[in-house]
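Summary of structural features
Chain by chain, the residues:
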Amino acid sequence: MSVSETDRYAVFGNPIAQSKSPLIHKSFAQQTKQLLTYDKYCVDVDGFNKAADEFFANDGKGLNITAPFKLDAFNYAHKLTERAEVAGAVNTLALQADGEIIGDNTDGVGLVSDISQRLGWAIENKRVLILGAGGAVRGILLPMLNKKPQALTIANRTKSKAEELANDFSSFGDLNAHGYDDIEFLNISFDLIINCTSASISGAVPPLSQKNFADKCSVYDMVYGKEETAFLVFCRDCGIDQRADGLGMLVGQAAESFYIWRNVYPDVDSVLKQLREDI
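Keep in mind that this is a model prediction, so the values were computed, not measured.

Analysis parameters
- Residues numbered from 1 in each chain as written.
- Predicted model: local features only at pLDDT ≥ 70, side-chain atom pairs only at ≥ 80, totals over all residues.
- Heavy atoms only, no water.
- Helix = DSSP H or I, 4+ residues; strand = E, 2+ residues; numbered from the N terminus.
- Rg over C-alpha atoms; globule rule 2.2 N^0.38 Å.
- Buried < 20%, exposed > 50% of the residue type's maximum accessible area, 1.4 Å probe, protein only.
- Contact = heavy atoms within 4.5 Å.
- Areas by Shrake-Rupley, 256 points an atom, 1.4 Å probe, with all protein chains shown as cover.
- Pairing = 2+ DSSP bridges.
- Axes fitted to C-alpha atoms, helices over the stretch in contact; angles between N-to-C directions.
- Expected span 1.5 Å × (residues − 1).
- Polar contact = N/O pair within 3.5 Å; in protein donor to acceptor, adjacent residues only side chain to side chain.
- Core = buried A, V, L, I, M, F, W, Y, C linked by side-chain atoms within 4.5 Å.

Okay, the overall build of the protein next. Scanning the protein from N- to C-terminus turns up eleven helices and twelve strands. Against the compact-globule benchmark of 19 Å for 279 residues, the protein has a radius of gyration of 19 Å, which places it among compact chains. The 279 residues of the protein split such that 52% are buried. Within the protein, counting contacts between residues at least 6 apart in sequence, those at least 24 apart form 66% of the total. For the protein, the exposed surface amounts to about 13,100 Å²; the carbon and sulfur share of it is 46%.

The six strands are arranged β2-β1-β3-β5-β6-β4 in an open sheet whose pairing can be described as mixed. Unpaired on one side and paired on the other, β2 (37-42) and β4 (79-80) mark the two borders of the sheet. Sheet topology places strand β3 (residues 60-65) next to strand β5 (residues 92-95); three bridges connect them, and they run antiparallel. If you follow L63 over to β5, its bridge partner there is L93. The strands that helix α1 (residues 21-32) touches are β1 (8-13), β2 and β3; relative to β2, the one it contacts most, it runs at about 170°. Relative to β3, helix α2 (residues 48-57) is tilted by about 145°, and along the sheet it contacts β1, β3, β5 and β6 (101-104).

For the rest of this paragraph, the subject is helix α5 (residues 107-118). With twelve residues, α5 should cover 16 Å at 1.5 Å per step; its first-to-last C-alpha distance of 15 Å lies within 8% of that length. The buried count for α5 comes to nine of twelve residues, which makes it a mostly enclosed element. Taken together, the buried positions of α5 are D107, G108, V109, G110, L111, V112, S113, D114 and I115. Just downstream of α5 lies G120, where phi reads positive at about 75°.

Turning to the sheet that holds strand β12 (residues 242-245), a few remarks are in order. Ordered by their spatial adjacency, six strands build an open sheet running β9-β8-β7-β10-β11-β12, and the pairing between neighbours is parallel. Each of the sheet's edge strands pairs with one partner strand only, and the pair in question is β9 (175-179) and β12. Strand after strand, the sheet turns through a mean of 20° between neighbouring axes, direction not considered.

Quick look at the side chain of N156 now. Mapping N156 onto the fold places it in strand β8 (residues 151-156). Looking at N156, its side chain comes within polar contact range of the main-chain nitrogen of A133, at 3.3 Å.

It is worth spelling out the nonpolar core at this point. One finds L111, L141, M144, L152 and I194 to be the most contacted residues of the largest nonpolar core, which totals 30 residues. Only α5, β7 (127-131), α6 (135-146), β8, α7 (159-168), β9 and β10 (190-195) provide two or more residues apiece to this core. For this core, the element with the most residues is α6, which contributes six residues. In this structure, L152 is in contact with V128, I130, L141, M144, L145, D174, L175 and N176, ignoring residues within four places of it in sequence. Core analysis: the next-biggest nonpolar cluster, separate from the first, contains 20 residues, L36, Y38, V251 and F258 among them.

Listed below in structure tokens is the structure:
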């Protein structure tokens, strides 16, 4: 593939200092022998469109988008992939040869690939519980439903938000919705539990019951850190051996963005190992 050293990529966010995207994508580029540059920009909260226009007018080929600009990117794109459209958010912008900018959302694919490929945990025909009903959940539901779980349940502190999500995605598969205080929810066992809340950041844990853990249950927390999150520690204390945090999802969604831009899949494991050592 003939490439130009002037091909520019970047991540937009505010704040952005904490972003690991430059390290990830530069590692991908080195690994796959792609000639490109990748930077990070702290964009004014009301200046997304101007910054994106300037970027693409100056040899910019693609952008990753993080908080608080995923809705801005959704509105900025000329066309949307199905997964971006149903998620209502965009984390990847890609300039096409005809000048159109495609908006995509790779979060769900990153999660699913981390769970099913890297970790080797089954999703198909399994009872899956998703904790939370925010934007992160909206971004992963379609890829999760495409894996054909036996049942997919959304549980949230505010039941109406879980019900709204279940209704919005009902055309893609059957979903159940519960509030944390539903007695029925507390008596259902699950094969895979994914924590999509930010509770672990403050050391809190969603109100799970021991009955929620099926035999050989696997648990996943989107939050990651140097040590196991509060959610994963709680699950460990409940006897759950298969536990993982969200660092693999971070690298997985970046790998999907890289493929969209460069048409080559990088190796995730080596970059994930590097990141894990650097945390």
